[in-house]
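So you can see what is in the structure, the chains are spelled out below.
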Amino acid sequence: ETGVTQTPRHLVMGMTNKKSLKCEQHLGHNAMYWYKQSAKKPLELMFVYNFKEQTENNSVPSRFSPECPNSSHLFLHLHTLQPEDSALYLCASSQRPDGAYEQYFGPGTRLTVT
Amino acid sequence: TQLLEQSPQFLSIQEGENLTVYCNSSSVFSSLQWYRQEPGEGPVLLVTVVTGGEVKKLKRLTFQFGDARKDSSLHITAAQPGDTGLYLCAGGSYNTDKLIFGTGTRLQVFP
């Protein structure tokens, strides 16, 4: 248990569906992240939030829409996804949005787009 | 663009063997973190090294940060099936908001 929870753990959705992934951290951290992990690729950073403000959007398509209502919660809204978007989506948090700080990951949401 | 290359990409060994995983870059990092990820879970932090030449030990795992802070190694002594997983290195720099993750080494230890 790392102090970061994600729901759902598994999600299957069609290309026309709209769904949301949820992340919650219980560590009192100020920074939160979304990553995409695909087979045979390094972990890809998608978004960074610092004190609820987005500080990084790593050229992510607009069909992925993040939301950070407070420092403890992070959402990833999904719509009109493509099969190549199937992957493990990981949420992480750190004390500060500084690359030198350790990040704590949730268990991930395994997403399958059909 | 900062890249971290890990080698080997895959490693299958018998219980009791020793192994070393390498993490290399042409870039200098302020810190280097090692994570282990088990199937169906997120990466879990093992250690952080911040000083060039630093060596840290975690039971049977020994981590070293290169003198120039561009590379790192992870050595496992007498590997056990519980060591099985994906090992990721990640480089961090002060005043940037991201970690650069390595390509990963997938380790399988057979009993």
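Each value, and the rule that gives it
Every chain's residues receive numbers from 1 upward, in the order its sequence appears when written. Written order decides the labels, with chains lettered from A and ligands numbered from 1. Reporting in this predicted model follows two pLDDT cut-offs: at least 70 for local features of residues, and 80 or more for side-chain atom pairs to be given and counted; totals over whole chains, interfaces and linings ignore these cut-offs and use all residues. Side-chain numbers here rest on the full set of heavy atoms in the structure, without hydrogens or water. Only DSSP runs of H or I reaching four residues or more are called helices, and only runs of E reaching two or more are called strands; each is numbered from the N terminus. For a compact globule the rule gives 2.2 Å times the number of residues to the power 0.38, and the radius of gyration it is set against comes from C-alpha atoms. Contact criterion: two residues are considered in contact whenever any of their non-hydrogen atoms come within 4.5 Å of each other. Note that accessible areas follow from Shrake-Rupley with a 1.4 Å probe, and for residues the cover is restricted to the protein chains shown. In this tally, Asp and Glu contribute negative charge and Lys and Arg positive charge; neither His nor the terminal groups of the chain are included. Each charge is placed at NZ for Lys, CZ for Arg, CG for Asp and CD for Glu. Burial classes follow relative accessibility: with a 1.4 Å probe on protein chains only, a residue under 20% of its type's maximum area counts as buried, one over 50% as exposed, and anything between as partly exposed. Only one rule defines a salt bridge in this text: a Lys or Arg side-chain nitrogen within 4 Å of an Asp or Glu carboxyl oxygen. Paired strands, as defined in this entry, are two strands with at least two bridges between them according to DSSP. All axes here are fitted lines through C-alpha atoms, helices being fitted over the stretch that makes contact, and every angle between N-to-C directions spans 0 to 180 degrees.

Enquirer: What am I meant to see in the overall build of chain A here?
Expert: Looking only at helices and strands, one finds zero helices and 11 strands in chain A. Relative to a compact globule of 114 residues, whose C-alpha radius of gyration would be 13 Å, chain A shows 13 Å and is just as compact. Based on the C-alpha atoms only, the size of chain A along its principal axes is roughly 35 × 25 × 25 Å. Excluding contacts between residues fewer than 6 apart, the proportion of contacts in chain A whose partners are at least 24 apart in sequence is 54%. Accessible area for chain A stands at about 5300 Å²; split by element, carbon and sulfur atoms hold 48% of it. Seen as two clouds, the 11 positive and the 10 negative side-chain charges of chain A have centres 8 Å apart.

Enquirer: Mind showing me how you'd approach the overall build of chain B here?
Expert: Across its full length, chain B holds zero helices and 11 strands. Tracing chain B from N to C terminus, the helices and strands come up as β-β-β-β-β-β-β-β-β-β-β. In terms of overall dimensions, chain B is globule-like: its C-alpha atoms have a radius of gyration of 13 Å, near the 13 Å expected for 111 residues. Considered along the principal axes of its C-alpha atoms, chain B spans approximately 45 × 30 × 20 Å. Classification of the 111 residues of chain B by burial places 49% in the buried group. Partitioning the intrachain contacts of chain B with sequence separation of at least 6 by distance along the chain shows that 55% fall at a separation of at least 24. Accessible surface, chain B as shown: approximately 5300 Å² in total, 50% of it carbon and sulfur. Separation of charge centres in chain B, based on 9 positive and 10 negative side chains, amounts to 4 Å.

Enquirer: Please explain the pattern of salt bridges as it appears in this structure.
Expert: A side chain of one charge can pair with a side chain of the opposite charge when the charged atoms of the two come close. The full count for this structure, using the stated rule, is four salt bridges over all chains. Here A:Asp85 and A:Arg63 are joined by a salt bridge, their closest N and O atoms 2.7 Å apart. You can see A:Asp85 sitting in the loop between strand E8 (73-79) and strand E9 (87-94) and its partner A:Arg63 sitting in the loop between strand E6 (53-57) and strand E7 (64-70), a full 22 residues away along the chain. For B:Arg60, the salt bridge is made with B:Asp83, and the minimal N-O distance between the two is 2.9 Å. Of this pair, B:Arg60 sits in the loop between strand E6 (55-58) and strand E7 (61-65) while B:Asp83 sits in the loop between strand E8 (71-76) and strand E9 (85-92), and the two are 23 residues apart along the sequence. The exposure class assigned to B:Arg60 is partly exposed, which follows from its relative accessible area of 23%. We classify B:Asp83 as buried; its relative accessible area is 4%.

Enquirer: What's the story with the sheet that holds strand E3 (residues 18-25) of chain A in this structure? I'm lost.
Expert: For sheets, the rule is that strands pair by backbone hydrogen bonds, running either parallel or antiparallel. Residues and elements named next belong to chain A. Read across the sheet, four strands follow the order E1-E3-E8-E7 without closing on themselves; strand pairing throughout is antiparallel. This sheet does not close on itself; its edge strands, each paired only once, are strand E1 (4-7) and E7. Geometrically, the sheet is characterised by an average inter-axis angle of 20° between neighbouring strands, direction not taken into account. When E1 meets E3, the two strands line up antiparallel, connected through four bridges. If you follow threonine 7 over to E3, its bridge partner there is lysine 22.

Enquirer: Before we go on, may I ask you to explain the pairing of strand E5 (residues 44-50) of chain A in this structure?
Expert: Moving residue by residue along a regular strand, the side chains alternate between the two faces of the sheet. Residue and element names in this part refer to chain A. Most of E5 is tucked away, with five of its seven residues classed as buried. Taken together, the six bridges between strand E4 (residues 31-37) and E5 define a ladder with antiparallel strand orientation. Residue tyrosine 35 lies in a different strand from E5, and its bridge partner there is leucine 45. Here E4 folds back onto E5, and the loop between the two strands holds six residues, one of which, lysine 40, carries a positive phi near 65°.

From the geometry alone we can't say anything about function, so treat these as descriptive.
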